[in-house]
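# Observations on chain architecture
For reference, the chains in residue letters:
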Amino acid sequence: MYHSKLLFIIIIGSMLWSQQSTAQTQSQVEESATEPGMMLEEITVVARKIQESLQRVPIAVTVLNGEELTEAKIFHLNDIAGHIPSLTINSHSATESEIFIRGVGSVRLIGATGDASVGTFLDEVYLSRRGAATPPLFDLERIEALRGPQGTVFGKNVVGGAISLITAKPTFEPEGSFYVGLANYSGVQSGGYYSGPLSEDVAARFSIYQNKHDGYVQNIVYGEEMEDLDSKAGRISLTWNINENMKYDLTIDSSTETSNGQSRHGIDDPTIPGLMTVPFLRSQDPRTNESPYDQYANKDTFGITSRLEWDLGSSTLTYLAAFREGDADVRWAQLGSTSPPALTDSVLTIPEKSEAVTHELRLTSLQDKGFRWLAGLYYLDDDTDISIRNTAHSGIPGGPLTLADALSGDWRVHQLGGSKNFAIFADVSYDINDDLTFNLGGRYTKDKKKLSNDAVVLSVGRPGDLLAVAPIYAPYSINVSDSWTEFTPKASIEWGFDDDAMAYFSAAKGFKGGGWQGVAANAAFAEVVYEPETAWTYEVGLKTELLNRRVRLNIASFYTDFKNLQVELLDDVNLVLILENASDAKIRGHEIELEGKLSSYLRVYATASFLDTEYDNYVSAFSAVDLSGNDLQRTPEKQYNLGFNFRRPIANGLEILANAHYSHQGKIFYAPQNTNYEDSYSVLDMRIGMGSADGKWSLVAYGRNIGDELYRVSIIDFAGDEWSSFAAPRTYGLTYTRKF
């Protein structure tokens, strides 16, 4: 990794040195900024469900350009983490993306009523089952990552923030593009789109995506590759200008993904003494798996989104209706090993189906007035059918009622969960004078949930055993329901003290729904509800553009006060992961985003975040351990990334293209106990190639994780070992892109 860092420093240093030869005075810089390509492009966002400049939104927002995502080979939500301040994403399995923003997030949402603390949206539609119902990232216009509670216009489950995926829209001018690439691990990537008119009033866009590669891991017992991928997706979008005042948009998307699943490999837990399992594994190579079971991770997604906009003159009426469906089937070995040497060879089989219907009606005033407003109604009907089966065999000695008995057997939990969410919301802005704007918003939400939960013991395991595998030793069946209401207000004051500078202060409340456990040891525990979590965040920020918009600098500082924070930890008695409410938590942080045009062909950027987090007055109800003062899980104190985009014409109508992106994440703890952790790591991605000066074609070589950094994205700590999943190794390839 040292050599990767050195290479990056040399490249950046060389480009910066080349700029010194053409150094200019301040006045010359301002004059040259008016030349083509010397100013940063203005970024428009819909972070408040109205179109406005990024630099005038009193919210900490990071925007990732869709075309640049494709060029960087970012096709999965997990891959954006190294590009956004205060964001971490870990992947527990193929359908469980654990997203944390500013220390706020959720882990292992396998229960039918579990909610995320960071909301994911596709064209404003909430993806309730984030892993199972989220398609690949392809043909996007942009991603908007909003940090901090967004409870007014986005609703529940955005306590930490929101990831908003915005697809590219149809155009009435014909255009298109395709790319095809080859990579190591027999990788093949391709995709493209065509957009154009179907008639004078109707335009369409057709997008396709394909990504396939062999496995990064070899199962040396079962004899199959793991962490392979075969993913395909498509999208059709239509825009119909019904008349000069009314427009209708329709989007239909579908995707399918197959894999042999995510691997786990044991390493010794350095924090506690164990049973010396790891030294007796067949291989110490972390890119191997030793489970005796066939494993897989398959999912299909489908969605329809329709949107009607009606210009009423003094206001605009918008109606959004959507249906989303996810169908996933995952089987993964918790310890990735036979037994012996592991205490058990437990494998989880989790098929999941989800359906969600969304309706939103909102009225928005004209945005060029001194008093502006937005009001709306929202409804979400979400149903999830999930089955969780644990099949295990323990090869350690022992008879009935021993540890070996408790680690052998077969049970299945079947959950039918339903959620209905109703909300009314409003947001108003008032210009006190030319420089000062006051904003006030609020949302009233009613969240109703129900759960049918049946546990069945399929086998007690070995002959003579009396117990099924922990934690379920006897069948049960329950039916429960509950509801919660919450008001989530927001207020901000914006001071535009210069044409290119704005400061703001905001206070906002976020809300996340309650629910029931994914797996419970018995009926009594299965009926116990965990309560909603709420948080107030206070934020002060500065957004500036300097040197005639050649430099953009955005800074935010915040303080978050949590009540009833939902946390996951291990119930040591029943050997099951549970969700419980911590009393309180405090989070303080600072974020910096810097971007600059050093010339018409060189753009540089850097971001950083610094977080101070702790649980406050938290004594676990299950372990009676006082966790007060510990750091929040999955949250590094420091993160930063920096990079450049270089595009310069050369002879014969050609141009050279280059990019480098370096990201660093600090140490994180995996659980509230602050024992198991992942140390800090850094990753370097690079691209270099050549194309036509008019941008019509390009041929680019790329590398991701060039230093081949070995770091983990998930662990299960068990009996002194950490059964770990690792991030992808070094990948590289060549991509040809053609635009027309």
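All figures in this text were calculated on a predicted structure; none of them were measured in a lab. (Residues numbered from 1 in each chain as written. Predicted model: local features only at pLDDT ≥ 70, side-chain atom pairs only at ≥ 80, totals over all residues. Heavy atoms only, no water.)

## Quick word on the overall build of the protein chain
Scanning the protein chain from terminus to terminus reveals six helices and 42 strands. If you line up the protein chain on its principal axes, its C-alpha atoms span 85 × 55 × 55 Å. For the protein chain, buried positions account for 58% of its 740 residues. A fraction of 68% describes how many contacts in the protein chain between residues 6 or more apart in sequence connect residues 24 or more apart. When the 62 positive and 97 negative side-chain charges of the protein chain are each reduced to one mean point, those points stand 2 Å apart. (Helix = DSSP H or I, 4+ residues; strand = E, 2+ residues; numbered from the N terminus. Buried < 20%, exposed > 50% of the residue type's maximum accessible area, 1.4 Å probe, protein only. Contact = heavy atoms within 4.5 Å. Lys, Arg positive; Asp, Glu negative; His and termini not counted. Charge placed at Lys NZ, Arg CZ, Asp CG, Glu CD.)

## Thoughts on the pairing of strand E23 (residues 371-392)
Pairing of strand E22 (residues 347-365) with E23, which is carried by 16 bridges, proceeds in the antiparallel orientation. Its bridge partner lying in E23, Glu-360 is registered against Tyr-378. As judged from the 22 bridges shared by E23 and strand E24 (residues 409-431), these two strands associate in the antiparallel manner. Opposite Ala-375, over in E24, you have Ala-426 as the bridge partner. (Pairing = 2+ DSSP bridges.)

## Some words on the pattern of salt bridges
Per the counting criterion, the structure on display carries 43 salt bridges. The closest approach of N and O atoms between Arg-372 and Asp-431, which form a salt bridge, is 3.0 Å. With Arg-372 in strand E23 and Asp-431 in strand E24, this pair connects stretches of sequence that are 59 residues apart. Judged by relative accessible area, Arg-372 falls into the buried class, the value being 14%. Under the relative-accessibility criterion, Asp-431 is labelled partly exposed at 26%. For the salt bridge of Lys-420 with Asp-381, the shortest nitrogen-to-oxygen distance reads 2.9 Å. Here Lys-420 is found in strand E24, whereas its partner Asp-381 is found in strand E23, with 39 residues between them in sequence. (Salt bridge = Lys/Arg side-chain N within 4 Å of Asp/Glu carboxyl O.)

## Quick notes on the nonpolar core
Of all hydrophobic cores here, the largest spans 49 residues; its most connected members are Trp-411, Phe-562 and Leu-565. Not counting the four nearest positions on each side in its chain, Phe-562 is found in contact with Val-104, Val-159, Glu-533, Thr-534, Ala-535, Ser-583, Asp-584, Ala-585 and Ile-587. Core analysis: the next-biggest nonpolar cluster, separate from the first, contains 21 residues, Leu-69, Ile-84, Ile-101 and Leu-122 among them. (Core = buried A, V, L, I, M, F, W, Y, C linked by side-chain atoms within 4.5 Å.)

## Overview of a nonpolar patch on the surface
Taken together, the side chains of Phe-178, Val-180, Tyr-194, Phe-206, Ile-236, Ile-252, Ile-304, Leu-699, Leu-734, Tyr-736 and Phe-740 make up a nonpolar region of the molecular surface, amounting to roughly 920 Å² of accessible area. Those elements that place two or more of their residues in the nonpolar patch are strand E11 (175-183) and strand E42 (731-739). Tracing the chain through its elements places Tyr-736 in strand E42. In this structure Tyr-736 comes out as partly exposed when scored by relative accessible area, which is 31%. (Patch = residues over 30% accessible without salt bridge, like charges linked within 9 Å, V, L, I, M, F, W, Y side chains within 5 Å. Areas by Shrake-Rupley, 256 points an atom, 1.4 Å probe, with all protein chains shown as cover.)

## Brief notes about the side chain of Ser-492
Mapped onto the fold, Ser-492 is located in strand E26 (residues 476-498). Leaving out residues up to four positions away in the same chain, Ser-492 has contacts with Pro-58, Thr-437, Phe-438, Asn-439, Phe-505 and Ser-506.

## Let's talk about a negative patch on the surface
Residues Asp-300, Glu-325, Asp-327, Glu-355 and Asp-383 make up a contiguous surface patch of negative charge. With respect to the helices, strands and loops of the structure, Asp-300 is situated in strand E20 (residues 296-311).

## Structural notes on the sheet that holds strand E10 (residues 161-167)
Spatially, five strands are ordered E3-E9-E10-E7-E8 in an open sheet, and the strand pairing comes out mixed. Strands at the two margins of the open sheet, each flanked by one partner only, are strand E3 (60-65) and strand E8 (125-126). Bridge count for strand E7 (residues 118-122) against E10 is five bridges, and the pairing is parallel. Within E10, the residue paired with Gly-119 across the bridge is Ala-162.

## A short note on the environment of Gly-313
As for its placement among the helices and strands, Gly-313 is situated in the loop between E20 and strand E21 (315-333). C-alpha of Gly-313 to C-alpha of Asn-245: the two residues are 68 residues apart in sequence and 8.5 Å apart in space.

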